[in-house]
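Understanding the architecture of this molecule
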Amino acid sequence: MSNEPRNKNGVSRRDFLGLASIGAVILSSLTLLAGIFRLTKADVHYEESKKFKIGRPEEFPPGTVKKLDDKKVFIFADKDGFHAVSSVCTHLGCIVRASGDGFQCPCHGSKFNKNGKVLAGPAPRNLPWLEVSRHVDGNIVVDASREIKAGTKFKV
Ligand code: FES
């Protein structure tokens, strides 16, 4: 037994520093293991696809106007084909509503004609037309990530 001074619990400074060192080594080892474990998992973020099927062409007789709330898009079918117009206002992203022969934004009052052209601001741009195509299974597909020239219709 050494002659080192001890506290009232009988632990010397040397013993305390030794225990603290062992604790630090254990803690840093656990942190290192946690980091290695995290590195083995890919840091992947899944995002919902912006390309989606809307149904078969026969479900959209000429004259159909359908709003898909969950996809934020209006689908139109007429004798010239299909087209899709985004329902996301180009001002601050509110969802526009069909209004008369066009669309109106409930947030700040922007108005658009039936082709998505801005009639009254503050929206800075027209509502984008989105690419429409047909899947090999026959369903109509809208790709909300691909903007196309307004007036372009997809003929089935
Ligand atoms: S978000 Fe549509 S007008 Fe402001």
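Refer to the structure printed above.
Residues numbered from 1 in each chain as written. Predicted model: local features only at pLDDT ≥ 70, side-chain atom pairs only at ≥ 80, totals over all residues. Heavy atoms only, no water.

1. A few points about a nonpolar patch on the surface
Together, Leu19, Ile22, Ile26, Leu30, Leu32, Leu33 and Ile36 make up a nonpolar patch on the protein surface, roughly 730 Å² of accessible area in all. In this structure, isoleucine 36 sits in helix α1 (residues 13–39). Using a relative accessible area of 44% as the deciding quantity, one classes isoleucine 36 as partly exposed. (Patch = residues over 30% accessible without salt bridge, like charges linked within 9 Å, V, L, I, M, F, W, Y side chains within 5 Å. Areas by Shrake-Rupley, 256 points an atom, 1.4 Å probe, with all protein chains shown as cover. Salt bridge = Lys/Arg side-chain N within 4 Å of Asp/Glu carboxyl O. Helix = DSSP H or I, 4+ residues; strand = E, 2+ residues; numbered from the N terminus. Buried < 20%, exposed > 50% of the residue type's maximum accessible area, 1.4 Å probe, protein only.)

2. Remarks on the packing of aromatic side chains
Under the definition given, this model contains four aromatic pairs. With a centroid separation of 4.6 Å and 45 degrees between ring planes, the pair formed by phenylalanine 74 and phenylalanine 103 is classed as tilted. With a gap of 29 residues between them, phenylalanine 74 in strand β3 (residues 73–78) and phenylalanine 103 in strand β6 (residues 102–104) connect regions that are remote in the sequence. Just as phenylalanine 74 is buried, phenylalanine 103 falls in that class too. Ring plane angle 80 degrees and centroid distance 6.2 Å describe the contact between phenylalanine 76 and phenylalanine 103, whose orientation is recorded as edge-to-face. In this pair, phenylalanine 76 is assigned in strand β3 and phenylalanine 103 in strand β6, connecting sequence segments 27 residues apart. With relative accessibility at 12%, the residue phenylalanine 76 sits in the buried group. By way of ring pairs, the aromatic residues Phe74, Phe76 and Phe103 are connected into one cluster. (Phe/Tyr/Trp six-rings, centres within 6.5 Å; stacked < 30°, edge-to-face > 60°.)

3. Overview of the state of the cysteines
Counted under the stated rule, the structure contains one disulfide. Across the disulfide, cysteine 94 is cross-linked to cysteine 107 (sulfur-sulfur distance 1.9 Å). Disulfide cysteine 94-cysteine 107: torsion about the S-S bond near -95 degrees, hence left-handed. Here the residue cysteine 94 occupies a position in the loop between β4 (81–86) and β5 (97–99), and cysteine 107 occupies one in the loop between β6 and β7 (111–113), the gap between them amounting to 13 residues. (Disulfide = S-S within 2.5 Å.)

Treat this as a map of the structure, not an account of what it does.
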